[in-house]
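# Chains, contacts and geometry: an overview
The primary structure of each chain is shown beneath.
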Amino acid sequence: MKVKIDLEKCYKAGECYYNHPELFKMGEDGFPVVLHEEISDESLIKHANEAIEVCPAVAISLED
Ligand code: SF4
């Protein structure tokens, strides 16, 4: 699965990279960067779903 971030919606609140540094890092411009092109590990998918739930901008999604 692929983790996607809609940068048009993201307002750099930072919850994703502060809570899930295994999936995201802060880019130089303050926007999050997804660390993995593709994830298949169950635990990473669970963490991605947690990040989706807490993103205040509803900017994160998981795609097949
Ligand atoms: S949690 Fe959402 S709004 Fe905050 S930096 Fe991540 S994608 Fe952007």
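Each value, and the rule that gives it
- Residues numbered from 1 in each chain as written.
- Predicted model: local features only at pLDDT ≥ 70, side-chain atom pairs only at ≥ 80, totals over all residues.
- Heavy atoms only, no water.
- Helix = DSSP H or I, 4+ residues; strand = E, 2+ residues; numbered from the N terminus.
- Rg over C-alpha atoms; globule rule 2.2 N^0.38 Å.
- Buried < 20%, exposed > 50% of the residue type's maximum accessible area, 1.4 Å probe, protein only.
- Contact = heavy atoms within 4.5 Å.
- Areas by Shrake-Rupley, 256 points an atom, 1.4 Å probe, with all protein chains shown as cover.
- Lys, Arg positive; Asp, Glu negative; His and termini not counted.
- Charge placed at Lys NZ, Arg CZ, Asp CG, Glu CD.
- Salt bridge = Lys/Arg side-chain N within 4 Å of Asp/Glu carboxyl O.

## Concerning the overall build of the protein chain
A count of helical and extended segments in the protein chain gives 2 helices and 4 strands. When the elements of the protein chain are put in sequence order from the N terminus, they spell out β-α-β-β-α-β. The C-alpha radius of gyration of the protein chain comes to 10 Å, within 12% of the 11 Å expected for a compact globule of 64 residues. Principal-axis analysis of the C-alpha atoms places the extent of the protein chain at approximately 30 × 20 × 20 Å. For the protein chain, buried positions account for 34% of its 64 residues. A separation threshold of at least 6 residues defines the contact pool for the protein chain, and within that pool the share at least 24 residues apart is 52%. In the form shown here, the protein chain has an accessible surface area of approximately 4,200 Å², with 50% of it arising from carbon and sulfur atoms. Across the protein chain, the mean location of the 6 positive side-chain charges is 3 Å away from that of the 14 negative side-chain charges.

## Examining the pattern of salt bridges
This model, assessed by the stated rule, comprises 2 salt bridges. A salt bridge links lysine 2 to glutamate 38, with the shortest nitrogen-to-oxygen separation between them at 3.5 Å. Placement of lysine 2 in strand β1 (residues 2-5) and of glutamate 38 in the loop between β3 (32-34) and α2 (42-54) is noted, with a sequence separation of 36 residues between them. In this structure, the salt-bridge partner of lysine 46 is glutamate 50, at a minimum N-O distance of 3.7 Å. In this pair, lysine 46 and glutamate 50 both sit in helix α2, 4 residues apart, roughly one turn of the helix. Here glutamate 50 falls in the partly exposed class, since its relative accessible area comes to 31%.

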